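Residues per chain, in single letters:
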Amino acid sequence: MPQHLDPRLLRAFLAVAEELHFTRAATRLYVAQQALSRDVRRLERELGAELFVRTTRQVTLTADGERLVPYARRVLEAQDALLAVFGQARPLLVDLNSPGLGTGRRVLHRARELAPGHELMARYESGLTGAAGEMIAGRLDASFGRFAGLAPALRSQLDHQPVRLEPMAVVLPEGHRLASLEEVPLAALAGERVYVGAGNPRTQEWTDLGHRLFDGRGIEVAPAVPLAVGDEEFRRIMSKTGNPILAVVNFPAMPGTVLRPLVDPVPLSPVSLVWRKGLVHPGFDALRRAAARLSAEEGWLARPANGWIPAIDVDMLKTGN
């Protein structure tokens, strides 16, 4: 028998026990059905008992499943009561990477609407790799970014929920040869040096995405530049190099530049909500619900027919909670 049981596993079990339907239970918990099934199987392994009888037509509780229901309810009710007493001792700290990026900001604003009684505070760590270390150390609760781009040692200590596939773009100096185009075909960047954050230890997941996108297309990753802190310094350094910058379509405007979507194919930047494993906070459920609702309402995870994402990201999208 296990010495400790993750309450998340009991919550997954109870949702299925009450719905007797894995798809409805997954919708209720705002998780992927695959992740829910995985949690139920893990609980069955840890308890050494089969909890459900599954057929193609129905799901029913076994005798052991029936026996577990009241215990699971009592454990989760106790956890909810505990969080109600101590959950507001500190704010939930959420990294938005950069003040100008929209996905994380919109999710945070929606979460504040869903949980007005809890404090959700924005932080700006400038990159998921940098934020990952802060989350693992307990100095930050959640962040947004490309989960597949993190080192395996970091991913093993974190969980994620896919939120959006953001179309990518390129920032060009106004006088650049491609600036007059409404959209920039990826092949037109052949021969260019494009900045993707090389040398910045906090944004390694983004640099890795740039390398994967440019590989075999004749596009060179621009060399490292002095690490700029703040928008003004970043704009100053970039204006000196004159290199195009790989970005997303909602990247904030920069004086003296134009932002152009990339096409043929449309490269997509996978954005997940990321948090440290075992995170417990009364505002966190609201953050996850906000991410799931906005993603569904806006069709953020719809992949266009001509969309491109790396194979490793495709696999990671399937394993998100």
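Residues numbered from 1 in each chain as written. Predicted model: local features only at pLDDT ≥ 70, side-chain atom pairs only at ≥ 80, totals over all residues. Heavy atoms only, no water.

Colleague: I tried to follow helix α1 (residues 7-19) on my own but got confused; where do I start?
Modeller: Note on helix geometry: an α-helix contains 3.6 residues per turn, so any two residues three or four positions apart are oriented the same way. Helix length check: α1 (13 residues) gives 18 Å between terminal C-alpha atoms against 18 Å at 1.5 Å per residue, within 8%. Residues of α1 that are buried include every one of L9, L10, A12, F13, L14, A15, V16 and A17, and no others. The N-capping residue of α1, defined by a side-chain oxygen 2.9 Å from the backbone nitrogen of R8, is D6. Phi turns positive, to about 50 degrees, at L20, one or two residues after α1. (Helix = DSSP H or I, 4+ residues; strand = E, 2+ residues; numbered from the N terminus. Expected span 1.5 Å × (residues − 1). Buried < 20%, exposed > 50% of the residue type's maximum accessible area, 1.4 Å probe, protein only. Polar contact = N/O pair within 3.5 Å; in protein donor to acceptor, adjacent residues only side chain to side chain.)

Colleague: What is the right way to look at the pairing of strand β11 (residues 257-263) in this model?
Modeller: Successive side chains on a regular strand alternate, one facing one side of the sheet and the next facing the other. Of the pairings in the sheet, the one linking strand β6 (residues 158-173) to β11 comprises five bridges and is antiparallel in character. Among the inter-strand pairings, P173 is bridged to a residue of β11, identified as T257. Two elements, strand β7 (residues 184-185) and β11, share two bridges in a ladder whose sense is parallel. Directly across from V184, in β11, lies its bridge partner L262. (Pairing = 2+ DSSP bridges.)

Colleague: I keep staring at the packing of α1 against helix α3 (residues 33-47) and nothing clicks. Help me out?
Modeller: A packed helix pair is summarised by two numbers, namely the angle formed by the two axes and the spacing between the axes. Packing of α1 against α3 brings their axes to within 9 Å, and their N-to-C directions diverge by 110 degrees. Classified by the angle between their axes, α1 and α3 sit roughly perpendicular to one another. Facing R8, L9, L10, A12, F13 and V16 of α1, the residues of α3 in contact are L36, D39, V40, R42, L43 and E46. Residue classes in the contact of α1 with α3 are distributed as eight nonpolar, no polar and four charged. (Axes fitted to C-alpha atoms, helices over the stretch in contact; angles between N-to-C directions. Parallel < 35°, antiparallel > 145°, perpendicular 65-115°, else oblique. Contact = heavy atoms within 4.5 Å. Nonpolar A, V, L, I, M, F, W, Y, C, P; charged D, E, K, R; others polar.)

Colleague: Explanation requested: the packing of helix α5 (residues 102-114) against helix α10 (residues 284-298) in the structure shown.
Modeller: Running from N to C, α5 and α10 cross one another at 120 degrees; their axes reach a closest spacing of 8 Å. For the element pair α5 / α10, the angle class is oblique. The way α5 lies across α10 gives a crossing that is right-handed. Between α5 and α10, the residues in contact are R106, V107, L108, R110, A111 and L114 and A286, L287, R289, A290, A291, R293, L294, E297 and E298, respectively. (Left-handed = near helix turned anticlockwise from the far one by under 90°.)

Colleague: Would you take a moment to explain the nonpolar core for this structure?
Modeller: Burial of nonpolar side chains together is a common tendency in soluble globular proteins. Core analysis: the largest hydrophobic core is formed by 23 residues, its most contacted members being F13, V16, L36, L43, L51, F52 and L68. Elements that contribute at least two residues to this core include exactly α1, α2 (22-29), α3 and α4 (63-86). A total of eight residues in this core trace back to one element, the largest contributor, which is α1. Every residue in contact with L43, bar those within four places of it in the chain, is listed here: L5, L9, L10, F13, L51 and L68. Of all hydrophobic cores here, the second largest spans 22 residues; its members include V94, V107, A286 and L294. (Core = buried A, V, L, I, M, F, W, Y, C linked by side-chain atoms within 4.5 Å.)

Colleague: Is there a simple way to think about the pattern of salt bridges in this case?
Modeller: If charged atoms from side chains of opposite charge come close, those side chains can pair. In this structure the tally under the stated criterion is 18 salt bridges. Residue D64 is joined to R67 by a salt bridge in which the shortest nitrogen-to-oxygen separation is 2.8 Å. You can see D64 and its partner R67 sitting in helix α4, three residues apart, about one turn around the helix. Of the residues examined, R67 reaches a relative accessible area of 57% and is grouped as exposed. (Salt bridge = Lys/Arg side-chain N within 4 Å of Asp/Glu carboxyl O.)

Colleague: How do you make sense of the environment of L93 when you look at a structure like this?
Modeller: Within the fold, L93 resides in strand β3 (residues 92-95). Under the relative-accessibility criterion, L93 is labelled buried at 16%. Apart from the residues lying within four places of it in its own chain, the contact partners of L93 are M121, R123, R139, L140, D141 and A142.

Colleague: Sorry if this is basic, but what is going on with the packing of aromatic side chains here?
Modeller: What characterises a pair of aromatic rings is the spacing of the ring centres plus the angle enclosed by the ring planes. Applying the stated criterion across every chain, the model contains three aromatic pairs. Relative to F52, the ring of F13 has its centre 5.5 Å away and its plane inclined at 45 degrees; by these criteria the two rings are tilted. On the criterion of sequence distance, the pair formed by F13 in helix α1 and F52 in strand β1 (residues 52-54) is long-range, its members being 39 residues apart. For F52, a relative accessible area of 0% translates into the label buried. Put simply, the rings of F13, F22 and F52 pair up and form one aromatic cluster. R74 extends its terminal NZ or CZ atom over the ring of Y71, reaching a point 4.8 Å from the ring centre. (Phe/Tyr/Trp six-rings, centres within 6.5 Å; stacked < 30°, edge-to-face > 60°. Lys NZ or Arg CZ within 6 Å of the ring centre and 35° of its normal.)

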